[in-house]
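Remarks on the overall topology
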Amino acid sequence: MSIDKSAKIYVAGHRGLVGSAVVRKLQSLGFSNLLLRTHSDLDLTVQSSVDAFFAAEKPQYVILAAAKVGGIYANNTYPADFITINLQIQTNVITSSFSHGVKKLLFLGSSCIYPKFAPQPIPESALLTGPLEPTNEWYAIAKIAGIKMCQAYRLQFGFDAISAMPTNLYGPNDNFHPENSHVLPALLRRFHEAKVRGDERVVVWGSGTPLREFLHVDDLADAVVFLLENYSGLGHVNVGSGKEVSIKELAELVKEVVGFEGELVWDSTKPDGTPRKLMDNSMIESLGWKPKISLKDGLGGTYKWYLENVRQ
Ligand SMILES: NC(=O)C1=CN([C@@H]2O[C@H](COP(=O)(O)OP(=O)(O)OC[C@H]3O[C@@H](n4cnc5c(N)ncnc54)[C@H](OP(=O)(O)O)[C@@H]3O)[C@@H](O)[C@H]2O)C=CC1
Ligand SMILES: C[C@H]1O[C@H](OP(=O)(O)OP(=O)(O)OC[C@H]2O[C@@H](n3cnc4c(=O)[nH]c(N)nc43)[C@H](O)[C@@H]2O)[C@@H](O)[C@@H](O)C1=O
C-alpha cells in the first residue's frame, strides 16, 4: 500500500538520530504534511498533553522515534529513567493514537530486547526465551512492553500498530556525548579530539571482543517507510545490516577514518555488555527490503557531518 503524499504523519522525536532521518526520507519522497513537535513544545511523558495534542491535530500515521536513549554506560547508570520514561512515552503515544483514530503506528524498539545469549543471528522468535543483558534490561523491558502493547491493541481492537527492531544505529544527529552516547559516535569524537590535541593514546572501553552489527540511520529510515507502506503483521520485524564487526575492528576503522596515528588502550573496568548481537534480517529481506550503505562509507559521511556540525 502506498501512503498518500498529503497524509498527516506525526514523527515523534524528529530532532533525534532516527526521527531526523525519517523526516529527511519522508521529505525526499514528497510527503508534505509532517506533524512535528520538539520536546519542549510537547513532553510525551505527560499523558494529558499528549492526549490533547492528538485530539487537536488528529494525525493519520505515527512514527514513534521519541525515547530515552543512550549507550551502555547511560543504560547501566540511569535504570529508573530508562524504564520509566520509555514506558510513559510509548504508553501515552500508543493509547492516544488508538483513541484518536490514527490509521497506523510504527513503534521503534531495539535489538537489546533479545536474550543475552540468544542464538546468532537472532530471529524474531528469540524474544522472551532467556535472561536479558543486565546493562540494559530496564530499557529492554520497556521496549518489550511496547511491542506487546502494539500486539495487544491489534488483537483486541484491530489497531494497525507495528514494531521495528533496529540494530545499533549511527549517522547525522547522533548523540556525541563522551559518556552517555553509543560506541560509534563516542569513538569518532574521542579519536578526533585526540588527533587535534596530538595525543599518543586513545582509551576504548571494555575488551574489544564484543561483536556488534551497525546500520546507517538513512538505511533505517528507508526501512521504516518501507514497513509503514508494506507490513501490517502482529510480529515485530528486525532491521539490521547483516554485517558484524568486533569493537576492536570498529575502533581501528574509526582511527583510520579520523586519521589518528597513536595507539589504542583498553579500559577493562568498563562493561562489555552483550558478547554478540547479530540479527537475523531474513523477514524484512523476504518482504523486499535491504540496506545500501556500507560501514566504511557511513562512517566517513558521519565524520564529515560531525566536523561540519558538532565540533567546536
Ligand atoms: N541509536 C541507536 O543506536 C538505536 C536507537 N533505537 C531506537 O530508535 C528510537 C530513536 O532513537 P534515537 O534517534 O537514537 O534517539 P535520540 O536520543 O537521538 O532521539 C530521541 C528523541 O526523542 C526526544 N524525546 C525524548 N524524551 C522526550 C519526551 N519526554 N518528550 C518529547 N520528546 C522526547 C528527544 O528530544 P530531546 O533530545 O529534546 O530530549 C529526541 O529528539 C528509540 O526508540 C530507540 O530505542 C533502536 C536501536 C538502536
Ligand atoms: C543500541 C544498544 O546500545 C546499548 O548497547 P550496546 O550495544 O552495548 O551499546 P554501546 O554502543 O554503548 O557499546 C557497544 C560496545 O562498545 C564498547 N565501547 C568501547 N568504547 C566505548 C565508548 O567510548 N562508549 C560506549 N558507549 N561504548 C564503548 C562497549 O563497552 C560495548 O562493548 C544498549 O545499552 C541499548 O541502548 C541498545 O539498544
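The structure under discussion appears in the preceding block.
Parameters at a glance
Residues numbered from 1 in each chain as written. Chains lettered and ligands numbered in written order. Predicted model: local features only at pLDDT ≥ 70, side-chain atom pairs only at ≥ 80, totals over all residues. Heavy atoms only, no water. Near = heavy atom within 4 Å. Polar contact = N/O pair within 3.5 Å; in protein donor to acceptor, adjacent residues only side chain to side chain. Areas by Shrake-Rupley, 256 points an atom, 1.4 Å probe, with all protein chains shown as cover. Helix = DSSP H or I, 4+ residues; strand = E, 2+ residues; numbered from the N terminus. Contact = heavy atoms within 4.5 Å. Nonpolar A, V, L, I, M, F, W, Y, C, P; charged D, E, K, R; others polar. Core = buried A, V, L, I, M, F, W, Y, C linked by side-chain atoms within 4.5 Å. Buried < 20%, exposed > 50% of the residue type's maximum accessible area, 1.4 Å probe, protein only. Expected span 1.5 Å × (residues − 1). Axes fitted to C-alpha atoms, helices over the stretch in contact; angles between N-to-C directions. Parallel < 35°, antiparallel > 145°, perpendicular 65-115°, else oblique. Left-handed = near helix turned anticlockwise from the far one by under 90°. Salt bridge = Lys/Arg side-chain N within 4 Å of Asp/Glu carboxyl O.

Considerations on the site of ligand 2
- The local shell around ligand 2 holds 22 residues, among which Ser110, Arg190, Arg212, Pro271 and Asp272 are the closest.
- At 2.8 Å from an oxygen atom of ligand 2 is found a main-chain nitrogen or oxygen belonging to Gly70.
- Backbone polar atom of Ser181 to a nitrogen atom of ligand 2: 2.9 Å apart, as the coordinates give it.
- Surface burial for ligand 2 is 98%, taken as the share of its 690 Å² of free accessible area covered by protein chains.

Some words on the environment of Pro131
- By the secondary structure assignment, Pro131 is in the loop between strand 4 (104–108) and helix 5 (137–157).
- Spatially, the C-alpha atoms of Pro131 and Ala118 are 9.1 Å apart, while their sequence positions differ by 13 residues.
- If we skip the residues at most four places from it in the chain, Pro131 touches Pro115 and Lys116.

Some points on the site of ligand 1
- Inspection of the region around ligand 1 gives 25 residues, with Leu17, Val18, His39, Tyr139 and Lys143 positioned closest.
- Between ligand 1 and the protein, one listed contact pairs an oxygen atom with a backbone N or O atom of Leu108 at 3.3 Å.
- For ligand 1, whose unbound accessible area comes to 890 Å², protein coverage reaches 82%.
- If you list the elements that add at least two residues to the shell around ligand 1, you get helix 1 (17–28), helix 5 and strand 6 (168–170).
- The residue inventory of the shell around ligand 1, partitioned by class, reads 13 nonpolar, 9 polar and 3 charged.

What about the nonpolar core?
- One finds Tyr10, Leu44, Phe54, Val93, Leu105 and Tyr114 to be the most contacted residues of the largest nonpolar core, which totals 38 residues.
- Elements supplying a minimum of two residues to this core: strand 1 (9–12), helix 2 (47–57), strand 3 (61–64), helix 4 (79–99), strand 4, helix 5 and strand 5 (161–166).
- Counting residues per element, this core draws most heavily on helix 5, which supplies 7 residues.
- Those residues within four positions of Leu105 in sequence are excluded, and the remaining contacts are Val62, Val93, Ile94, Ser97, Cys150, Phe159, Asp160, Ala161 and Ile162.
- Residues Phe31, Ala65, Leu169 and Leu228 belong to the second largest nonpolar core, which totals 34 residues.

Section: helix 8 (residues 247–258)
- For helix 8, with 12 residues, the first-to-last C-alpha span of 16 Å sits near the 16 Å given by 1.5 Å per residue.
- Of all the residues in helix 8, the buried ones are Ile247, Leu250, Ala251, Leu253, Val254, Lys255 and Val258.
- Summarising the contacts, the buried residues of helix 8 are in contact with helix 6 (183–197), strand 7 (201–205), strand 8 (211–216), strand 10 (244–246), strand 11 (263–267) and helix 10 (295–309).
- Looking at the residues trailing helix 8, positive phi occurs at Gly259, about 85°.

Points about the packing of helix 6 against helix 10
- Put simply, helix 6 and helix 10 touch, their axes get as near as 11 Å, and they point 60° apart. Comparing their axes, helix 10 and helix 6 come out oblique. In the packing of helix 6 onto helix 10, the handedness of the crossing is right-handed. Where helix 6 approaches helix 10, its residues Leu184, Leu188, Arg189, His192, Glu193 and Lys195 are matched on the opposing element by Leu295, Leu299, Thr302, Tyr303, Tyr306 and Leu307.
- Each residue belonging to the contact of helix 6 with helix 10 can be placed in one class, and the counts come to 7 nonpolar, 2 polar and 3 charged.

Side note on the pattern of salt bridges
- Within the structure shown, the criterion is met by 15 salt bridges.
- Put simply, Arg24 and Asp218 hold a salt bridge, and the shortest N to O gap is 2.8 Å. Of this pair, Arg24 sits in helix 1 while Asp218 is found in helix 7 (residues 217–230), placing the two residues 194 residues apart along the sequence.
- Take Arg24: its relative accessible area is 31%, and that puts it in the partly exposed class.
- Of the charged contacts in the structure, one is a salt bridge between Asp199 and Arg197, with a shortest N-O distance of 2.9 Å.
- Exposure remark for Asp199: the relative accessible area of 28% places this residue in the partly exposed category.

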